[in-house]
Structure formats: structure tokens, C-alpha cells
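Residues per chain, in single letters:
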Amino acid sequence: MSHISGAEPRPDRPGTAGNRKRLVTIGIAGAVVLAAVGVHTAFATPSADVMVSEVYGGGGNSGATYTNDFIELANSGSAPLDLSGYSVQYLPGAPTPTSKWQVTPLTGSLGAGARYLVQEAAGTGGTTALPSPNVVGAINMSGTTGTVALVHGTDPLTCVTKADCAADGTIRDLVGYGTAAVFEGNGPAAGASNTDSVARPTLTDTDDNAADFTAGAPTPGAAGDGGGPTTPPTTPPTTPPTSPPTGVEAKIHDIQGDTRLSPLAGKAVTGATGIVIGVRSFGSSQGYWVQDPRPDANPRTSEGIFVFTGSVTPTVAVGDSVSLAGTVSDYYPGGASAGGQPVTELTKATATVVSHGNALPAPVVLDKKSVPDAFVPAVGGGTIENLPLRPAEYALDLFASLEGMNVQIGDSRVVGATDPYSELWVTVKADQNKTKRGGTLYTGYDQPNSGRLMVQSLIPTATQAFPVANVGDTLRGTTAGPLDYNQYAGTFAVQARTIGTVKSGGLKPEVTDKAKSDQATIATYNVENLAPGNPQSKFDALAKGLVTSLRSPDIVALEEIQDNNGATDDGTVAADKTLTKLTDAIKAAGGPSYQWRSIDPVNDKDGGEPGGNIRSVFLFNADRVSFVDRPGGDSTTAVGVTGTGSKTALTVSPGRIAPNDPAWNSSRKPLVGEFTFRGEKLFVIANHFNSKGGDQGIDSRFQPPVRSSEVQRNRQAILEHDFVQQLEKADRNANVVVLGDLNDYQFSPAAQALTGNGTVLTDLVNTLPKAERYSYVYEGNSQVLDHILVSPSLKHVDYDVVHINSEFANQTSDHDPQVVKIKP
């Protein structure tokens, strides 16, 4: 993987707005009323019914009475709550950027006035079992500090700061205790210990953990009983409103304003009228788009808006004329700290249907003429969200000015293949940086390619399957629907109400040319979190790629080889089972009997998917090349260079470059091996540099976007540059091949530092014709992340990026492999 940390699982994709909690209002007699009550910050509205009532993490610890940790929920409302699809989650009290929430899914329902007991992990102490729980989990909570969240959803939360968790609307309630960094209000609940829980003395939620909770002896309630304190709510349950909220009279263009931020954000509005142009009726980010058919004369102001209903299915239909009342919100998908564009929405909304079956406002056609070539204003740093939009000059401004409006594209070339989330990317500018095989080439930070658009579908898959397309195909006919902003796409997305059909471009997986017998062939392949538990079909497909498409290279540098039990985090670091399964598949596919060399990492120190311990590995065909084994190389011992001239050698082989340097913290360390081919030495360095996780997207509201991950990659590149330079100083004719997933572009500072601006290494991707310089497709941009670089002594090389994955909907990995043929 590349743009997400190491090779971590991709987050769930509920749509633009993300998952957020909402309550439902009651319809008004005589009118169709849709409600979507709630806020975009999880801590902004105290819980009116279900809440976390008690947290105890000392179970089984020294001095504890109870043997298990537990979390207790309570329902202070007057109606039962179905907990299907909910979870409780736990985060350590002092989280790091890579900390993960642990999840216990919930089942059943929570009756009015009742308690719900979640039993978590047991310790070695304690004398008393918990009362019969409603559900059993296995989270080992701290007795003194941590954060517990009640979540509408079962996917692990991704926030690790108070601000980001406050922006995550899937959180129904949250309790930080002890010295927890994530909490509600003025501070975490105090006093938690091995003997004391923190609990609400009354079922009152002011969204201030320090005020709402007190410490005392644990009082877990059995499943279905009242449990714990029995003091009733201090106020009766709130009756949902029976009339629309009152507020400022405003049309949709008044709400949107002429910048990315609404001038009415946070205010109640009424009298916003329009036609429903799209409905999202699935998932937990449901809602609908409304567009005013009577626009103002200002091209900066959008006439469309999204009305969020959460998990409540809208009752309006496309073509309904509605009058809206609600609260305006500027919502940041993914949280404000992620840097994405804000989306102006209506929340706490009611919609009165005036009539049905109305014609939709004419769509705005997006094509090569209407979309500007320039992508975004060059402001030299800082946010662009307060700047007046300039839709005639910049594509990102045009899309913002059309947010929530009906748009249409015609025949458009696919530049990002259909992915597992039913998304694809097209370009409305067919001639913009076109690759040889039909994609759109990313040539520099100043060339983000303004014609790219994401396409998603509002049509239920049971009615119409999402089209499956490869790069170079054409999405033919009309694709039309509201224009939305998607946090994961890194661009604006057409939410298709009508979607075109796919015309194949005939793209086929490539096969590299056959090497001559006197050429050594060396390849790199990121195999994307390969573990023994993966389906055999993945191993077979990887084997086919290596044997057929790459023609069984003499040496293969593999990235993202996981340990023997994959993501299970139990201290296992060996990967022999993974490699045996892969090499067996290669042999079954007609390939050689590859041997391998690798160094097991220190457990959980090399980044990637937690527990997976990904690493780089050499495969080699012993009938063609020999590996020079020198003992002493391990996870923490640095490889060095010894000797001069033809006697230049590695101090250990295989070895790792400066593995204890902070540059490699939570990142893969380079693997160095010494080989011989026809009597000539080959020094090969396999890499998987630090990921781009944490960087702001090219569509960020901060321009230019901050690429914070570059700092670590630049240091990694300098260390490796210096090591290669040692080899070349020891032997000016040293044959050095550096290869792998550098997670950065050929024009990046890291690539320039590694090559010494071309004096120490030659980045072979730059020797290809411009339209062929890519190995990965992301957000519809064909780009370089994987590289093969060679020392000056290697002058007769034949280099090939073999496109078998990144351009196809059916992928074995998200990276394309590469191979170089050399004559040392």
C-alpha cells in the first residue's frame, strides 16, 4: 500500500458525510416531514437516552474484587433501543498516531430505564465473577486511564485526538478516565483504579466526563436489570419536536455563500426551497440533495445542498418539491485536522413536501471546456476556505460552487479502475497528461490534473450493478446526479442517479520481454500484505505474475510479506510459512524453485498493519545467481562495507541499513544482500520507505497541501544514499541495484536525495518515455511509487514497469511490479 500508513486496512466508505449520530423527529399532521436531528460533533449534544453509565478497567488486577473489566450502558429514555450495529470501543489513555481502537460489537436491545453489561477481559486476580453480562468481549482495559466510546457502527474508530473524536459523529457517547487524552468536556473522569470504577451517580449527561462521573466501588448490573445506581433521570425524556424549527429565512444560495464556508453556519434557517435531485437511501450516511431551480446571478454560490438523515431512510423522492427548515453545518469529512474541504449541509432538518413529480433543474455539463485547466489557487500556504470562489479559473473552485447541484458528464475515459467500494474515476479532459494505456499521468506537484472526477452510484445494487471498468475503458452515455465531496476520493464525486455503460478499451496485462542468458534479471513487487491466511487464489495470481508476466526473474525483492499468522498480534515475527506458500505456488506455476533471504523484524516495530510485521524479502533462483551469506545480520545490527576494489563486500549478508536510526521508526528497514552472477558481484538493496499517511490530499483546503510524511522519507533517503556512496567509494565499479516501494515520486525530494541528483544512482523510471512513467494509480492519477535505481557502473540496462495490477478492477496487488535486465 502507499498513501495509507504502511499497509493498514482502508477505512470504511459510507459516502461523503461519514457516519454520524442522529435522532428522529415526528411528522406533522397533514404534511410529509423528514427529520434528521443531530450535530456533526459527537460531544456537542448530551445523550438523551442511551449512554455509558459505568467503566471499570481494574478487573482481575491486584486488589480487585471482580475478575473482569466491564462497561455498563444505561437507557434513560422512555423507549427501548435496538443495539444491533452498535459497539463499545476502547483506546489507550495516551494514544499515539498509530494507536488502534479495540471493538466489542453489541447485540440485542436496551430497554427503557434498563442497564446493559459488557464483560471485557479477565485478569489473573479478583475473586468474584461479574453478574450475567449481555455480551462478552475481550478488551484488556487499563484500570487507571483510557477512553471508552459507544459507537453507532462496528468498524474501529480512527480518531486518536480529542478534536478528531469530537468530529466523528458515529460516537454516541464517550468517556475518558484517569489521564486520558481523549475525553468529553473539561477533563476526564477522575479516580479510576484497580478497586474503583467511574460511574454516573445519576443518568445525566452534560458531555463533561469530569463532572458527570465519580469514582467508587464497581456496581455492575446483571443483563436486563437496573444495575448500579437506580436514581431516575432528573428530567423526563424529551418529546421530539412536532413542528419545524424557526430561524432565518434563507434560500439555498444564501446558505452556501460565495466561499467554501457558509455565512449562516450554526444558525437555524427556514424557507429554503427546491427540488430533490438525489437520494442516498442506504448505509449510515443517508440523506438527500435539494436544488433551487431559481438560481441567483452569482456563479460563486451553489444552488444545491445536502440534507443529512443519518441512518434514517429519507421519505422524499427525486422530483419532490420541498421546503426545508434546519440548522446549517459546515462539516469536515474525516475531521477538520485531515485538511479536506468542508461540506455545507442542513442538519436537524424537516422537509415539507409541496408537490411530487417535478422536473429536475437542468444539469451543469462538466467537460473539457467547462472545467478549467488550473486546479486550485496558488496562495502560498494556508487555507483557501475563506476566499471567494473563482469557478471560471480553477477546477476546485468550480466544483465547490456546484456542491450539491445536478451535474452531468458524457462519454468519459476511465482513469481509475472500479474498486471494491463501487467507485471509479474518469477524466472529462481526455487529452490531459494521457498515459500510453489510457490513464492520466501525475507529472508534478503543480499538475494534479483538473479533469479527474470520481463516480459513485445512488442506485441500489439490487436494481443496477455498479459498472466494472479498467483504465482506458470509456463510461459511455449520460452519467448524472448531485456533485458531492468525498473524503476518501480526494476529489469531488458525481453521485450518479443515472450512470453510463462501459465500453472496453481492450486493456491487457503486460508481459515483459525475454531476457538474454547473459543478462541478470532483478524485479521488485509489492505483494500487499501477503499472509498465509490469504486465499490460495492470491498466491496463485502472484505466482502467475512472477512466472508469466515477469518471466521468473533471477532476483525478486518483495515488499509487504507478513509473518506466519498475519495480523494476529501475538509476538510472531517469522515468515517462513508465508514464503513457503508463495514459492510453492511459483513452482506449481512453472517457475523455478526460489530460495529466500530475509531478516525478521522486531515485533511491531516496522509499521504496516498491526501484528503483520511486514518486511522486505529476497527471492532468488540459485540456478542463475548465488547469494553470499555472511553471518551476523539481524534486526538491530547495521550492515557495513569492508574492503576496496574487487574485494569490496558487505560486513553481513543479508543485513539492514542503520536499523536503529530514528529514520526507520515504525518503518521498514532496507534489506541489503550480496549476490554473484557469472562471477560478478551484485549489491542489491530492497526497500519499503515510510508511507504517505498523514499527508494532506491534493484537494486539501490548505494550499499547497502539507506533505508531513516527507520528513521521514527524506532522512531515510539520505541514509541509504550515504550507504550506496560508501560502496561506490570502495569500488568505483560496484554494481548496485536499489529497488522497491519508495512511497514517493520520481520528482520528490526523497528521490533526489537518494540519487544524489543523479550522481550516485540513476532512477530508471526517468529513462522511460514520459507517458509510461507510473507504477500505481491513485485517485485517478497514474504515478510513480515503486522504483529501480542503478549505480553508474551499470550502463547496459533494460528496464520495464510491467502493468498487471494498478489499471485493473481485478487486482492481485495495488502495485505494478518492475524488472531490470543488466549485464554486470
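Residues numbered from 1 in each chain as written. Predicted model: local features only at pLDDT ≥ 70, side-chain atom pairs only at ≥ 80, totals over all residues. Heavy atoms only, no water.

Chemist: Summarise the overall build of the protein; cite the residues concerned and give the values.
Modeler: A tally of regular secondary structure across the protein gives eight helices and 45 strands. Against the compact-globule benchmark of 28 Å for 824 residues, the protein has a radius of gyration of 29 Å, which places it among compact chains. Based on the C-alpha atoms only, the size of the protein along its principal axes is roughly 90 × 75 × 45 Å. In the protein, which comprises 824 residues, the share counted as buried stands at 58%. Considering only residue pairs separated by 6 or more positions, the protein has 71% of its internal contacts joining residues 24 or more positions apart. Total accessible area on the protein is roughly 29400 Å²; 52% of this is exposed by carbon and sulfur atoms. Taken together, the 61 basic and 82 acidic charged side chains of the protein have centroids lying 8 Å from each other. (Helix = DSSP H or I, 4+ residues; strand = E, 2+ residues; numbered from the N terminus. Rg over C-alpha atoms; globule rule 2.2 N^0.38 Å. Buried < 20%, exposed > 50% of the residue type's maximum accessible area, 1.4 Å probe, protein only. Contact = heavy atoms within 4.5 Å. Areas by Shrake-Rupley, 256 points an atom, 1.4 Å probe, with all protein chains shown as cover. Lys, Arg positive; Asp, Glu negative; His and termini not counted. Charge placed at Lys NZ, Arg CZ, Asp CG, Glu CD.)

Chemist: Could you give me a rundown of the sheet that holds strand β3 (residues 68-75), with the residues and numbers involved?
Modeler: In any sheet, the strands associate via hydrogen bonds between backbone groups, in a parallel or an antiparallel arrangement. Spatially, β9-β8-β3-β2-β12-β13 is the arrangement adopted by the six strands of the open sheet, whose pairing is mixed. Strand pairing shows two members of the sheet lacking a second neighbour, β9 (135-136) and β13 (214-216), which therefore form its edges. Here β3 runs beside strand β8 (residues 115-122); their pairing, made up of six bridges, is antiparallel. Opposite E72, over in β8, you have L117 as the bridge partner. (Pairing = 2+ DSSP bridges.)

Chemist: Could you give an account of the sheet that holds strand β10 (residues 146-152), with specific residues and numbers?
Modeler: The sheet built from four strands is open, its strands ordered β6-β5-β10-β11 with antiparallel pairing. Both outer strands of the open sheet, β6 (102-105) and β11 (171-177), are each paired with one neighbouring strand and no more. Across the sheet, the mean angle from the axis of one strand to that of its neighbour is 15°, orientation sign disregarded. In terms of strand pairing, strand β5 (residues 86-92) meets β10 through seven bridges, oriented antiparallel. If you follow Y86 over to β10, its bridge partner there is H152. (Axes fitted to C-alpha atoms, helices over the stretch in contact; angles between N-to-C directions.)

Chemist: Requested: an account of helix α5 (residues 536-549), with residues and values cited.
Modeler: Between the first and last C-alpha of α5 there are 19 Å, a value that for 14 residues agrees with the 20 Å anticipated at 1.5 Å per step. Contacts from the buried residues of α5 go to β29 (520-530), β30 (555-561) and α6 (576-588). Positive phi appears at R551, one or two residues downstream of α5, with a value of about 60°. (Expected span 1.5 Å × (residues − 1).)

Chemist: Got a sec to walk through empty space enclosed by the protein? Specific residues and values, please.
Modeler: All chains considered together, the criterion is met by four cavities of 30 Å³ or more. Looking at the largest cavity, it is lined by 14 residues, and the ones nearest its centre are Q256, T259, R260, A400 and E403. Partitioned by chemical class, the residues of the lining of the largest cavity number four nonpolar, seven polar and three charged. Split into classes, the residues belonging to the lining of the second largest cavity amount to two nonpolar, one polar and four charged. (1 Å grid on protein atoms, 1.4 Å probe; cavity = no way out; pocket = protein on both sides within 12 Å on 5 of 7 lines; lining within 4 Å. Points joined across faces, edges and corners; volume = space filled by probe spheres on them. Nonpolar A, V, L, I, M, F, W, Y, C, P; charged D, E, K, R; others polar.)

Chemist: Just give me the short version of the state of the cysteines, but keep the residues and values in it.
Modeler: Overall, the coordinates contain one disulfide when judged by the stated rule. A sulfur-sulfur separation of 2.2 Å characterises the disulfide bridge that pairs C159 with C165. What sets the handedness of the C159 and C165 disulfide is the S-S torsion sign, and at about 95° it is right-handed. (Disulfide = S-S within 2.5 Å.)

Chemist: Before we move on, can you summarise the side chain of N68 with the specific residues and values?
Modeler: As for its position among the elements, N68 is in strand β3. Judged by relative accessible area, which is 10%, N68 ranks as buried. At a separation of 2.8 Å, a polar atom in the side chain of N68 contacts the main-chain carbonyl oxygen of E120. The contacts of N68, once residues within four sequence positions are left out, are Y56, G59, G60, Q119, E120, A121, A122 and L130. (Polar contact = N/O pair within 3.5 Å; in protein donor to acceptor, adjacent residues only side chain to side chain.)

Chemist: So what about unusual backbone geometry? Which residues, and what values?
Modeler: Keep in mind that most residues, glycine aside, have a negative phi and that most peptide bonds are trans. Residue P654 is reached from S653 by a cis peptide bond, and omega for that bond is 0°. Among the secondary structure elements, P654 is positioned in the loop between β35 (649-650) and β36 (655-656). With an omega of -5°, the peptide bond running from Q703 to P704 counts as cis. Looking at where P704 falls in the secondary structure, it is placed in the loop between β38 (680-688) and α7 (710-730).

Chemist: I'd love a proper account of α7, names of residues and values included.
Modeler: The end-to-end C-alpha separation of α7 is 30 Å, in line with the 30 Å expected for 21 residues at 1.5 Å each. All of the buried residues along α7 are E710, R713, Q716, A717, L719, E720, H721, F723, V724, L727, E728 and A730. Tucked into the core, α7 has its buried residues touching β34 (641-642), β35, β37 (671-677), β38, β39 (736-741) and α8 (749-755).

Chemist: Help me get a handle on the environment of V639, residues and values and all.
Modeler: Tracing the backbone through its elements, the reader meets V639 in the loop between β33 (626-627) and β34. Ignoring any residue separated from it by four or fewer positions in sequence, one finds V639 in contact with L650, T651, V652, G655, R656, I657, V672 and F723.

Chemist: Account for the nonpolar core, with residues named and values stated.
Modeler: With 32 residues, the main nonpolar core has L366, F399, V426, L453, V455, L483 and F492 as its most contacted residues. For this core, the elements supplying multiple residues, two or more each, are α4 (395-401), β21 (406-409), β23 (424-427), β24 (452-457), β26 (479-486) and β27 (491-496). When neighbours within four sequence positions are excluded, F492 is seen to be in contact with L396, F399, A400, L453, M454, L483, D484 and Y485. Core analysis: the next-biggest nonpolar cluster, separate from the first, contains 28 residues, I555, F618, L671 and F675 among them. (Core = buried A, V, L, I, M, F, W, Y, C linked by side-chain atoms within 4.5 Å.)

Chemist: Lay out the environment of F627 with the relevant residues and their values.
Modeler: Mapping F627 onto the fold places it in strand β33. Spatially, the C-alpha atoms of F627 and W596 are 9.3 Å apart, while their sequence positions differ by 31 residues. Each residue touching F627, except ones within four places of it in the same chain, is listed here: R597, F618, F620, S653, P654, G673, E674 and F675.

Chemist: How would you summarise the packing of aromatic side chains if you had to cite specific residues and measurements?
Modeler: Tallying each qualifying case throughout the model produces 16 aromatic pairs. Centroid distance F618 to F675: 5.4 Å. Interplanar angle 90°. Geometry classified as edge-to-face. Linking F618 in strand β32 (residues 615-620) with F675 in strand β37, this pair joins segments that are 57 residues apart in sequence. You'll find F618 and F675 in the same group, each marked buried. Here the aromatic rings of F620 and F675 are separated by 6.0 Å at their centres, their planes lie at 75°, and the arrangement is edge-to-face. Pair noted here: F620 is in strand β32 and F675 is in strand β37, with a separation of 55 residues, a long-range link. Feature note: the residues Y442, Y445, Y745 and F747 constitute an aromatic cluster, connected by ring pairs. Positioned over the ring face of Y445 is R707, at 3.7 Å from the centre of the ring. (Phe/Tyr/Trp six-rings, centres within 6.5 Å; stacked < 30°, edge-to-face > 60°. Lys NZ or Arg CZ within 6 Å of the ring centre and 35° of its normal.)

Chemist: Explain the pattern of salt bridges to me, using residue names and the numbers behind them.
Modeler: Tallied over the entire structure, the rule returns 23 salt bridges. With a shortest N-O distance of 2.8 Å, K429 and D373 are connected by a salt bridge. Here K429, found in the loop between β23 and β24, pairs with D373, found in the loop between β20 (364-365) and α4; they are 56 residues apart in sequence, far enough to count as distant. Judged by its relative accessible area of 6%, K429 falls in the buried class. With a closest N to O distance of 2.7 Å, R656 and D606 form a salt bridge. Highlighted residues: R656 in strand β36 and D606 in the loop between β31 (595-597) and β32, separated in sequence by 50 residues. (Salt bridge = Lys/Arg side-chain N within 4 Å of Asp/Glu carboxyl O.)

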